[in-house]
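If you want the building blocks of each chain, they are given just below.
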Amino acid sequence: MITLFAILIFGFTAATLLTPPNEYSETENRTLAQLPKPTGESLLSGEFEEDYEDYLTDQFVLRDKWIGLKTDVERMMFRRESKDIYFAEDDYLIEKHTGAFTGAQADANIHALAAFFEQYQGQFQGHMTAMVVPNAVSVLREKLPPFASPYDENLYLEQIREALPEGVWFDTAEILQQHSSEDIYYRTDHHWKTGAAFYVYQEWARAQGLHMPQSDEFEITTVTEEFEGTIQSKLGIETRKDSIELYLPKEDLFYTVQKEEGQEISYSLYDEPLLETKDKYGVFFGGNHAVIRVRTKAANGKRILVIKDSYANCFVPFLLPEFEAIDLLDVRYYNQKVSELIEAGNYTDILFLYNAAGFAEESSIVRLGY
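What you see as residue numbers is a count from 1 along each chain, following the sequence as written. A pLDDT threshold of at least 70 governs which residues receive local features in this predicted model, and a stricter bar of 80 or more applies before side-chain atom pairs are shown or counted, although totals over entire chains, interfaces and linings include all residues. Note that water and hydrogens are dropped before the side-chain values are worked out from all heavy atoms of the structure.

**Student:** Can you lay out the overall build of the protein for me, pointing to particular residues and giving the numbers?
**Tutor:** Labels follow the DSSP assignment, with helices taken as runs of H or I lasting at least four residues and strands as runs of E lasting at least two, numbered in each case from the N terminus. Regarding its fold elements, the protein presents twelve helices and 14 strands. Throughout this description, buried means an accessible area under 20% of the type-specific maximum (1.4 Å probe, protein chains only), exposed means over 50%, and partly exposed covers the range between. The buried share of the protein, reckoned over its 370 residues, is 48%. When contacts within the protein are restricted to residue pairs at least 6 apart in sequence, those whose partners lie at least 24 apart make up 68%. All accessible-area figures derive from a Shrake-Rupley calculation using a 1.4 Å probe, and residue coverage is judged against the displayed protein chains alone. Per element, the accessible surface of the protein, about 18,700 Å² overall, is 52% carbon and sulfur. Whether two residues are in contact is decided by their heavy atoms: any pair within 4.5 Å suffices.

Shown next, in the form of structure tokens:
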């Protein structure tokens, strides 16, 4: 037993050290920790030890297979959750988001968002919207395992609504709840599906006095049935794969897209080569960027700034017929003053669109006040 234990500990450690490190995990869609360089300061402070532990965790030999094996064993033992993820009905993997809505960051973000809308209320009177979209754990509660008791996201959403100026909040929870029996969230990923974004857009367009599109105005095209998202990556197991749908308008719309300042202009919102990679959700705009500028032939003087996380990526295409300029701002990657962007953009409308857990945990929301 001692010999076997020594082989497991030292053998795998040696194999990890001898195996060339990977820089990026396509499975987890993130950069992996690299071997840190020791310095006198980092050794004395303990920083080197922490970085080295992160390195071993990320670069452990056969890491993905061990993660998957652990999850499979837990499921064989009839565990109903793993890594804060529920094994739900209909092969759904649903994140619990434990602690996301009760920490200091969640409270601070409400105040930061309220201050932002109050700051611009006079300038954009009647043309500002805040959408904070509930996650699957809230809308698909009937699919959760018996006795599951996640935090009620509606309580947090109500706190946001109460903090915002009158007329700014747009309730997406009720709309999504009406369609909870449909596939409106991915089974293996944290995003809502394009169909869910369409339902919300319909009601928002009606409330804004815009054209309320119907589904027969689009070619609803399934571009992949092989999508395995970020939740599946955390568990490392084989499960039911997802499809991704695009709502392509039957009426031709000419527009241009520029991702980041100075980059080449393209003529499509969709990055189809990413459908051949692990990060298939990146088909929408090729993923996240600090600023994306979309220009259409609407010629109606309407210009909208969408302050967003990746939930907005499948929502924004529905805006094309209504605005001549659509700028997407992701403050997580934007290092300049938001106030200067708003001043220079001559916008007529502002839309804030985040998912609830992402909003509650995001430390960059405070940049809205800069």
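Alright, that's what it looks like, and here's the rest.
**Student:** I'd like a rundown of the pairing of strand β9 (residues 255-259), residues and numbers included.
**Tutor:** Counting buried positions over the five residues of β9 gives five, a clear majority of the element. Every second residue of β9 is oriented toward a common face, with Y255, V257 and K259 on one face and T256 and Q258 on the other, all of them buried. Only when DSSP finds a minimum of two bridges between them are two strands counted as paired. In this structure, β9 lies alongside strand β11 (residues 291-296), joined through five bridges in antiparallel fashion. Bridge pairing links T256 to R295 in β11. With two bridges connecting them, β9 and strand β10 (residues 265-266) associate as antiparallel partners. From the neighbouring strand, V257 faces β10, where its bridge partner is S266. A loop of five residues connects β9 with β10, the two strands running antiparallel in sequence, and E260 in this loop sits at a positive phi of about 70°.

**Student:** Can you break down the nonpolar core residue by residue, with the values?
**Tutor:** Counting residues in each nonpolar core, the largest one holds 57 residues, and the members touching the most others are Y185, W192, W204, F315, L319 and I326. When near neighbours in sequence (up to four residues on either side) are disregarded, Y185 contacts Y92, V133, P134, N135, A136, V139, L140, L176, H191, W192, K193 and Y311. The nonpolar core is taken to be a set of buried Ala, Val, Leu, Ile, Met, Phe, Trp, Tyr and Cys residues, with the residues joined through side-chain atoms within 4.5 Å. F116, V291, A357 and L368 belong to the second-largest nonpolar core, a separate cluster that totals 41 residues.

**Student:** Outline the layout of surface pockets, supporting the account with residue identities and numerical values.
**Tutor:** A 1.4 Å probe that fits into a set of points on a 1 Å grid over the protein atoms alone but cannot get out defines a cavity; an open set with protein on both sides within 12 Å along at least five of seven lines defines a pocket, and lining residues are those with an atom within 4 Å of a point. Grid points are joined across faces, edges and corners, and a volume is the space filled by probe spheres set on the points. In this structure, the second largest pocket spans a volume of roughly 420 Å³. Together, 20 residues line the second largest pocket, and F218, P249, E251, L253 and P321 are the ones closest to its centre. Polarity classes work like this: nonpolar for Ala, Val, Leu, Ile, Met, Phe, Trp, Tyr, Cys and Pro, charged for Asp, Glu, Lys and Arg, and polar for all others, with Gly in that last group. Taken together, the residues of the lining of the second largest pocket break down into 14 nonpolar, one polar and five charged.

**Student:** Can you break down the environment of L246 residue by residue, with the values?
**Tutor:** Topologically, L246 is positioned in strand β8 (residues 242-249). A C-alpha to C-alpha distance of 9.0 Å links L246 and F284, two positions 38 residues apart in sequence. In this view, L246 contacts E219, I220, T221, V223, Y270, V283 and F284; residues no more than four positions away in its chain are not counted.

**Student:** Pulling in residues and values, what's your account of empty space enclosed by the protein?
**Tutor:** With the rule as written, the count across this model stands at two cavities of 30 Å³ or more. If you add up the space inside the largest cavity, you get close to 80 Å³. In terms of lining residues, the largest cavity is bounded by 13 residues, among which E95, A136, D189, H190 and I231 are the most central. Mapped by element, the contributors of at least two residues to the lining of the largest cavity are β5 (93-95) and α6 (136-139).

**Student:** Lay out the packing of helix α5 (residues 104-120) against helix α7 (residues 153-163) with the relevant residues and their values.
**Tutor:** Note on method: axes are straight lines fitted to C-alpha atoms, helices fitted across the in-contact stretch only, with angles between N-to-C directions ranging 0 to 180 degrees. Between α5 and α7, the shortest axis-to-axis distance is 9 Å and the interhelical angle comes to 30°. With respect to their mutual orientation, α5 and α7 come out roughly parallel. In the crossing of α5 with α7, the sense of the turn from one axis to the other is right-handed. Here A106, N109, I110, L113, A114 and E118 of α5 lie close against α7, whose contacting residues are Y156, Q159, I160 and A163. A breakdown of the residues in the contact of α5 with α7 according to their chemical character gives seven nonpolar, two polar and one charged. Oblique is the label for every angle not falling under 35 degrees (roughly parallel), over 145 degrees (roughly antiparallel), or within 65 to 115 degrees (roughly perpendicular). Definitions for this section: a left-handed crossing has its near helix turned counterclockwise from the far helix by less than a right angle. A right-handed crossing has that turn clockwise.

**Student:** Which residues make up the sheet that holds strand β14 (residues 349-355), and what values do they have?
**Tutor:** With mixed pairing, seven strands are arranged side by side in an open sheet as β6-β14-β12-β13-β11-β9-β10. Of all strands in the sheet, those with a lone pairing partner are β6 (128-133) and β10, marking the two edges. Along the sheet face, α5 touches β6, β12 (303-308) and β14 and points at about 165° away from the line of β6.

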